[in-house]
Amino acid sequence: MTGPRNQFKPADHPNDHFLLTTVVGSYPKPKWHDRARELFEDEDADFGEDEWEESKDDASRLITHEHERAGLDVICDGEMRRNEMVEYFAHRIDGYEFNGRVKVWGHNYFDKPSVADEVEYGEQWLVEEFEFTDEVAERPVKVPITGPYTLANWSFNEVYDSEEQLAYELAELVNEEIEALVEAGARYIQIDEPALATTPDDHAIVGECLERIVDEIPDDVRLGLHVCYGDYSRIYPEILDYPVHEYDLELANGDYDQLDVFKEHEFTKDFAMGVVDAHVAEVEPVEEIKENIKKGLEVVPPERLTVSPDCGVKLLPREVAYGKMENMVQAAREIEEELDAGEIDIVASGAQAHADD
């Protein structure tokens, strides 16, 4: 199940080899957009729904074009309409309620939701976001969506007998949303499950959720699974059985200490590997990123390697986030040129590659 990858290769791509470049999702919001949210939420401010919608549209358009200017093959709008990856969806799912903000780490807080009634699909979550971005974009658009396991794991459960049961119910809702996205024209959907590698033995629950999510999704829709932090040995190689085309994994932040996990068993799916660190506010040089990309070629051949940041980059200064994207794309194109020129040897098994000295 390698998936319909070449549909995202630009017609004017300069090299024979193609390393798909993309983002994980979130991107720094313009300061004026954050200020617009504050005004919209201030009951005393003369800033209504129309002004807030205009701000979201403007920010989405701006960041979409910024991703394209960086040269990314597949873009998104940087999640300009979203405030947080669980809270945003919980506000749109019937059955959730909110009781106040909780501290997650450092100085970061989020409004942790509670499941107070049976969850039901009400309003659409992302279709309008996708349709707007797809209309203003000149490149293919990826849609990140928080997965049911993380939606369940990062919520208080006051209704269902177990978190597992809640995750399965949420999977049915995610399936409904993805079907709506596909009907709207989406062809690249990334399911975010950052909670997956943090809890031992729950990979089977996520696998069952994914089976429910992808039911009747057309074969030409590329499905990715994003997992960040945690112990990957808890989930690998079992995750290779999941019904997705691509795994997007955070590795740069840990200096690739867990890379060997994915060499112990042949990696049979596409590998979207983080090659720039989303937690470091410095732009990695192109040469450093190229060395990171070559680490990915130790796991899969180039036709199954996707190049991306470790995770969403929303907490970085915007100029740093852009610099990382721009250098990442340049590094990928240079690696493609070296592959075309035969300067990087691919091991016959297709499982590893190394650079000629």
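Everything that follows concerns the structure shown earlier in this document.
Residues numbered from 1 in each chain as written. Predicted model: local features only at pLDDT ≥ 70, side-chain atom pairs only at ≥ 80, totals over all residues. Heavy atoms only, no water.

Kindly report on the overall build of the protein, identifying the contributing residues and their values.
Scanning the protein for helices and strands turns up nine helices and 14 strands. In summary, the protein has a C-alpha radius of gyration of 20 Å against a globular reference of 21 Å for 357 residues, a match within 12%. When its C-alpha atoms are laid out on the principal axes, the protein stretches across 65 × 45 × 40 Å. Restricting to contacts in the protein with at least 6 residues of sequence separation, those with at least 24 account for 74%. Surface summary for the protein: the accessible area is close to 15,400 Å², and the carbon and sulfur share equals 42%. When the 31 positive and 88 negative side-chain charges of the protein are each reduced to one mean point, those points stand 5 Å apart. (Helix = DSSP H or I, 4+ residues; strand = E, 2+ residues; numbered from the N terminus. Rg over C-alpha atoms; globule rule 2.2 N^0.38 Å. Contact = heavy atoms within 4.5 Å. Areas by Shrake-Rupley, 256 points an atom, 1.4 Å probe, with all protein chains shown as cover. Lys, Arg positive; Asp, Glu negative; His and termini not counted. Charge placed at Lys NZ, Arg CZ, Asp CG, Glu CD.)

Go over the nonpolar core with me, naming the residues and quoting the values.
Core analysis: the biggest nonpolar cluster contains 102 residues, and I189, F271 and I293 have the highest contact counts within it. For this core, the element with the highest residue contribution is helix α6 (residues 163–183), accounting for 11 residues. Apart from the residues lying within four places of it in its own chain, the contact partners of F271 are Y247, L249, L251, L259, G296, V299, V300, R304, L305 and T306. Residues F8, F18, L20 and Y188 belong to the second largest nonpolar core, which totals five residues. (Core = buried A, V, L, I, M, F, W, Y, C linked by side-chain atoms within 4.5 Å. Buried < 20%, exposed > 50% of the residue type's maximum accessible area, 1.4 Å probe, protein only.)

Account for the packing of helix α8 (residues 286–296) against helix α9 (residues 318–340), naming residues and giving values.
Look at α8 against α9: their axes get within 8 Å of each other, and the N-to-C directions meet at 60 degrees. Comparing their axes, α9 and α8 come out oblique. Seen along the crossing, α8 lies across α9 with a hand that is right-handed. In this structure, α8 contributes V286, E287, I289, K290, I293 and K294 to the contact, and α9 contributes K324, N327, M328, Q330, A331, A332, E334, I335 and E338. For the contact of α8 with α9, a count of residues per class yields seven nonpolar, two polar and six charged. (Axes fitted to C-alpha atoms, helices over the stretch in contact; angles between N-to-C directions. Parallel < 35°, antiparallel > 145°, perpendicular 65-115°, else oblique. Left-handed = near helix turned anticlockwise from the far one by under 90°. Nonpolar A, V, L, I, M, F, W, Y, C, P; charged D, E, K, R; others polar.)

Outline the pattern of salt bridges, supporting the account with residue identities and numerical values.
Within the structure shown, the criterion is met by 23 salt bridges. Residues E129 and R82 are paired through a salt bridge, measuring 2.8 Å at the closest nitrogen-oxygen approach. On the criterion of sequence distance, the pair formed by E129 in helix α4 (residues 127–136) and R82 in the loop between α2 (49–69) and α3 (87–90) is long-range, its members being 47 residues apart. Residues E287 and K290 are paired through a salt bridge, measuring 3.6 Å at the closest nitrogen-oxygen approach. Here E287 and its partner K290 are both found in helix α8, three residues apart, which amounts to about one turn of the helix. (Salt bridge = Lys/Arg side-chain N within 4 Å of Asp/Glu carboxyl O.)

Now, about the side chain of N15: what can you tell me, with residues and values included?
Considering the arrangement of structural elements, one finds N15 in the segment before β1 (20–21). A polar contact of 3.4 Å, which involves the side chain of N15, links it to the backbone oxygen of R333. A distance of 2.8 Å separates a polar atom in the side chain of N15 from a polar atom in the side chain of E336. For N15, the contacting residues outside a window of four places in its chain are K9, R333, E336, E337 and D340. (Polar contact = N/O pair within 3.5 Å; in protein donor to acceptor, adjacent residues only side chain to side chain.)

Provide a residue-level description of the side chain of D73, including the pertinent values.
Tracing the sequence through the fold places D73 in the loop between α2 and α3. Within the local environment of D73, its side chain forms a polar contact with the side chain of T21, the two groups lying 2.8 Å apart. Here R333 takes part through its side chain, which lies 3.2 Å from a polar atom of the side chain of D73.

Can you explain a negative patch on the surface? Please cite residues and give values.
Where like charges cluster on the molecular surface, the negative patch consists of D94, D117, E118, E120, E123, E128, E131, D134, E135 and E169. For the negative patch, the elements supplying multiple residues, two or more each, are β5 (113–121) and α4. The element that contributes the greatest number of residues to the negative patch is α4, accounting for four residues. Tracing the chain through its elements places E123 in the loop between β5 and α4. (Patch = residues over 30% accessible without salt bridge, like charges linked within 9 Å, V, L, I, M, F, W, Y side chains within 5 Å.)

So what about the sheet that holds strand β6 (residues 143–146)? Which residues, and what values?
Spatially, β1-β12-β11-β10-β9-β8-β6 is the arrangement adopted by the seven strands of the open sheet, whose pairing is parallel. Here the strands that pair on one side only, and so sit at the sheet edges, are β1 and β6. Both strand β8 (residues 188–192) and strand β9 (residues 222–227) contribute to a ladder of five bridges, which runs parallel. Residue Y188 lies in a different strand from β9, and its bridge partner there is R222. Strands β6 and β8 of the sheet are contacted by α6, whose axis makes an angle of about 170 degrees with β6. (Pairing = 2+ DSSP bridges.)

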